[in-house]
Amino acid sequence: MAFILTKISVWLVFSLLVGSFVVGTSGSDFNKDFQIIWGDGRAKILNNGELLSLNLDKASGSGFQSKNEYLFGQIDMQLKLVPGNSAGTVTAYYLSSKGLTWDEIDFEFLGNLSGDPYTLHTNVFSQGKGNREQQFKFWFDPTADFHTYSILWNPLNIILSVDGIPIRKFKNLESKGVPYLKYQPMRLYSSLWNADDWATRGGLVKTDWSKAPFTASYRNFKANNACVWSSGSSSCASNPQPSNPWLNQEIDPNGEKKLKWVRKNYMIYNYCTDAKRFPQGFPPECNML
Ligand SMILES: *[C@@H]1O[C@H](CO)[C@@H](O)[C@H](O)[C@H]1NC(C)=O
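Quick summary incoming for the structure in this document. (Residues numbered from 1 in each chain as written. Predicted model: local features only at pLDDT ≥ 70, side-chain atom pairs only at ≥ 80, totals over all residues. Heavy atoms only, no water.)

Here we come to helix α3 (residues 253-265). Taking 1.5 Å per residue, 13 residues should reach 18 Å; α3 reaches 18 Å between its end C-alpha atoms and fits that length. Within α3, burial applies to G255, L259 and V262. Angularly, the buried residues of α3 cover 60 degrees about the axis, an arc narrow enough to put them on a single face. Exposed residues on α3 whose side chains face more than 90 degrees from its buried face are P253, K257, K260 and K264. Contacts made by the buried residues of α3 are with β8 (134-136), β11 (165-171) and β15 (267-270). (Helix = DSSP H or I, 4+ residues; strand = E, 2+ residues; numbered from the N terminus. Expected span 1.5 Å × (residues − 1). Buried < 20%, exposed > 50% of the residue type's maximum accessible area, 1.4 Å probe, protein only. Arc of directions from axis to C-beta. Contact = heavy atoms within 4.5 Å.)

What follows deals with the packing of aromatic side chains. Using the criterion set out here, one finds 23 aromatic pairs in the structure. Centroid distance F64 to Y218: 5.0 Å. Interplanar angle 90 degrees. Geometry classified as edge-to-face. With F64 in strand β4 (residues 62-80) and Y218 in strand β13 (residues 214-230), this pair connects stretches of sequence that are 154 residues apart. Across the pair, exposure class does not vary: F64 and Y218 are buried alike. One aromatic cluster is present, formed by Y93, F107, F109, F138, W139, F140, Y149, W261 and Y266 through successive ring pairs. (Phe/Tyr/Trp six-rings, centres within 6.5 Å; stacked < 30°, edge-to-face > 60°.)

All right, on to the site of the ligand then. Around the ligand, a shell composed of L110, G111, N112, D116, P117, T119, A199, T200 and R201 is seen. At 3.4 Å, a backbone N or O of P117 approaches a nitrogen atom of the ligand. A distance of 2.7 Å separates an oxygen atom of the ligand from a polar atom in the backbone of R201. Here the ligand has 350 Å² of accessible area as a free molecule, and 68% of this is covered by the chains. Residues that form the shell around the ligand fall into these classes: three nonpolar, four polar and two charged. (Near = heavy atom within 4 Å. Polar contact = N/O pair within 3.5 Å; in protein donor to acceptor, adjacent residues only side chain to side chain. Areas by Shrake-Rupley, 256 points an atom, 1.4 Å probe, with all protein chains shown as cover. Nonpolar A, V, L, I, M, F, W, Y, C, P; charged D, E, K, R; others polar.)

Limitation: the analysis is restricted to geometry and does not speak to function.
Structure, rendered in structure tokens:
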């Protein structure tokens, strides 16, 4: 009897350990971190919270938001975009605050006909003002597999990266009169919707509804290094630098090289070189990139 009990308890301890190990490494649980906010069943959390899928059909798109608000963070998510003919569809993945003078950091993925390249559209809004578009092509097929899209947002700068390769930075240039995103907590949002009035070739190519539903998938959300904002206080206040080195992280020389490589080979639009839009001169941050 004692022998059996011991065996059972060893097995119990073992399975508890394995259980916590599995939970610890699989990381994200969409049920815990997110809520579905629209789409009437078109957004689905699957595989015990490991996977989330957004769907779009002729009647509606769908979307979700983070339960937490953040004021600074290193936030990673893996996305697999709508495959095949995705023309007319837009998958948006962004941080945003609320109100008329909101802050926002955007990734938007503009679909295309099968075989034609997706566009990765980015923007940064500070205190309600955006007009800071930069667009990129991909160096891989973003529909074939999951890839990691990251936002590092700290008091010094915002760095957007794809698979660890920096594609864009927005420095804190408050000293030059450019408002910086550091006063308003932001929530993470994502949605898949129809934007065939502008998304693909400026609206010339329409969504082919015979291919619906369109699906984008998400996994491995990580915000271990993030300051969660709740009732007016930050989770980082009790655990400040230097235990949070990411809070003053910038791009290192190797990252700068990669950023240059992306800008040279994959950037297809940059507001900072679009003279037509800024007849009075470029915004101050354009001279400081
Ligand atoms: C779609 O493909 C066309 C043709 O290659 C390209 O001009 C366009 O920039 C691509 N992306 C979008 C979003 O229209």
